[in-house]
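# A look at the structure
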Amino acid sequence: MDEIFDKLQAVVDRYDELNELISDPEIISDTQRFMKLSKEEADLRETVATFNHYKEVSSQLDDDETMLREENDAELEAMLKEEISDLRSEKAELEDKLKVLLLPKDPNDDKNIIMEIHGAAGGDEGSLFAADLFNMYSRYAEKQGWKVEIVDRSDTEVGGFKEIVLMITGNNVYSKLKFENGAHRVQRIPSTESAGRVHTSTATVGVMPEAEDVDIDIDPKDIRTDVYRSSGAGGQHINKTSSAVRMTHLPTGIVVAMQDERSQQQNRAKAMQILRARVYDYYAQQEQDQYNAERKSAVGTGDRSERIRTYNFPQNRVTDHRIGLTLNKLDRVMNGELEEIIDALIVSDQAQKLENLNNE
């Protein structure tokens, strides 16, 4: 634990320094710097509080053990032994918690996300499942107190989605939904299937942290913007104005088309928001691929083509293949009760990172 103590003491020193800095009138007047330092201070607060509690428990444990060695009263000895046992358990739990708190934090964890859901293999059934996933995530977001906004959608005739793009905003959205990235497989009897056979279809989910100007600097010269007339329902207004926008990021070839809003300015703003997130995700994925080549992670935010989960409706079963978790309550999961799966993925990811840290 000596190496961990050194790291924890460094965190405490930085925390004390930050508290001094954010009390400095000169820094308070610099809003951007003040907010940055305040966020860093808030991020370290739990680690410092846990470490202080750990030191209190350790000190009490030392005192009790010293007292036990010197004590001759049988009744008091029994009390001390019980208290020492409890303190040792608490100390071990706090050590485990501190190790997790010291793990490198994903800088995107507290960000909002842009989520893209696509109907993939299975035609109409794939698009219907994409709509089911949209409803599942919307219900989960509601339970978390998050806000869901549909940014773009492409409906199919059967009531599903060829594609739907969402903006989910709230506290720590990315930290909880980043592991949803990948291919989701459904096994069920489609409503169009007269023979009652179970079909397998897929929908893919992409989760990208909302990227801000400070996260990625996109040169305006690297973006080609085309405007055109919107198509689809909407009356005469749609045909009279060139309000739809198509943006192309030339270095990556990433294209975003937006025509949902009535004004070109609104479509430009939304298109830029999605383009920034996709470009940020593109470069982050390249770095992740390089990292994974050096050290394979058990729970990746990985490739969208990777099959991560199967939803078996006839057996009311959902299985996450990355961690081998199977739950026989698919009906509740589809109703937005994702906590058990998401918590298990987070714990598995932390365990993998701890193992990597111990092997370094």
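Reference entry: report on the structure contained in this document. Computed from a predicted model, the values in this text were never measured in an experiment.

## A closer look at the nonpolar core
If you look at the biggest cluster of nonpolar residues, it comprises 35 residues, and the most contacted ones within it are Met115, Ile117, Leu133, Tyr137 and Leu177. Sorting the residues of this core by element identifies strand E1 (113–119), helix H5 (124–144), strand E3 (161–169), helix H6 (173–177), strand E5 (199–209), helix H9 (330–334) and helix H10 (339–359) as the ones contributing at least two each. In terms of residues, this core owes the most to one element, H5, which gives 9 residues. Each residue touching Ile117, except ones within four places of it in the same chain, is listed here: Ala130, Leu133, Phe134, Tyr137, Lys162, Glu163, Ile164, Leu166, Thr204 and Val205. If you look at the next biggest cluster of nonpolar residues, it comprises 20 residues, including Val11, Tyr15, Ile27 and Ile84.

## Looking at the packing of aromatic side chains
Taken as a whole, this structure holds 6 aromatic pairs when the rule is applied. Between Phe5 and Phe51 the ring centres are 6.3 Å apart and the planes differ by 35 degrees, which places this aromatic pair in the tilted class. Taken together, the positions of Phe5 in helix H1 (residues 2–21) and Phe51 in helix H3 (residues 31–70) put the pair 46 residues apart, joining distant regions of the chain. Taking 5.2 Å as the distance between ring centres and 80 degrees as the angle between the ring planes, the aromatic pair formed by Tyr282 and Tyr283 counts as edge-to-face. Overall, the relative accessible area of 33% leaves Tyr283 in the partly exposed class. The rings of Phe5, Phe51 and Tyr54 are connected pair by pair, giving a single aromatic cluster. Just above the ring of Phe313 sits the side chain of Arg188; from NZ or CZ to the centre is 4.8 Å.

## Some details on the side chain of Lys178
Relative to the helices and strands, Lys178 is located in the loop between H6 and strand E4 (182–188). For Lys178, a relative accessible area of 6% translates into the label buried. Within the local environment of Lys178, its side chain forms a polar contact with the side chain of Asp106, the two groups lying 3.3 Å apart.

## Quick look at the environment of Ile341
Within the element layout of this structure, Ile341 appears in helix H10. C-alpha separation for the pair Ile341 and Asp320, spaced 21 residues apart in sequence, amounts to 7.8 Å. Filtering out sequence-adjacent residues up to four positions away, Ile341 remains in contact with Arg309, Val318, Asp320, Leu325, Leu327 and Val333.

## Re the sheet that holds E4
Pairing in this open sheet of 8 strands is mixed, and the strands run E2-E3-E1-E5-E4-E9-E10-E11 from one edge to the other. Both outer strands of the open sheet, strand E2 (147–155) and strand E11 (325–327), are each paired with one neighbouring strand and no more. This sheet shows a mean twist of 15 degrees between the axes of neighbouring strands, independent of strand direction. Across 3 bridges, strand E10 (residues 317–320) lies against E11 in antiparallel orientation. Across the sheet, the residue bridging to Val318 is Leu327, located in E11.

## Concerning the sheet that holds strand E7 (residues 244–249)
Pairing within the open sheet is antiparallel, and its 3 strands lie in the order E6-E7-E8. Single-partner strands in this sheet number two, and they are strand E6 (223–228) and strand E8 (254–258). The sheet shows a mean angle of 15 degrees between the axes of neighbouring strands, direction not considered. Bridge count for E7 against E8 is 5 bridges, and the pairing is antiparallel. In the sheet register, Met247 faces E8, and the bridge partner there is Val256.

## With respect to helix H4 (residues 74–101)
The terminal C-alpha atoms of H4, which comprises 28 residues, lie 40 Å apart, in line with the 40 Å expected from a rise of 1.5 Å per residue. Taken residue by residue, H4 has Leu80, Ile84, Leu87, Leu94, Glu95, Leu98 and Leu101 as its buried positions. The N-capping residue of H4, defined by a side-chain oxygen 2.9 Å from the backbone nitrogen of Glu75, is Asp73.

## Some thoughts on the environment of Glu41
With respect to the helices and strands, the residue Glu41 is situated in helix H3. Using a relative accessible area of 7% as the deciding quantity, one classes Glu41 as buried. Residues Glu41 and Asn19 lie 22 residues apart in sequence; the distance between their C-alpha atoms is 7.1 Å. Excluding residues within four positions of it along the chain, Glu41 makes contact with Tyr15, Leu18, Asn19 and Ile22.

Conventions adopted
- Residues numbered from 1 in each chain as written.
- Predicted model: local features only at pLDDT ≥ 70, side-chain atom pairs only at ≥ 80, totals over all residues.
- Heavy atoms only, no water.
- Core = buried A, V, L, I, M, F, W, Y, C linked by side-chain atoms within 4.5 Å.
- Buried < 20%, exposed > 50% of the residue type's maximum accessible area, 1.4 Å probe, protein only.
- Helix = DSSP H or I, 4+ residues; strand = E, 2+ residues; numbered from the N terminus.
- Contact = heavy atoms within 4.5 Å.
- Phe/Tyr/Trp six-rings, centres within 6.5 Å; stacked < 30°, edge-to-face > 60°.
- Lys NZ or Arg CZ within 6 Å of the ring centre and 35° of its normal.
- Polar contact = N/O pair within 3.5 Å; in protein donor to acceptor, adjacent residues only side chain to side chain.
- Pairing = 2+ DSSP bridges.
- Axes fitted to C-alpha atoms, helices over the stretch in contact; angles between N-to-C directions.
- Expected span 1.5 Å × (residues − 1).

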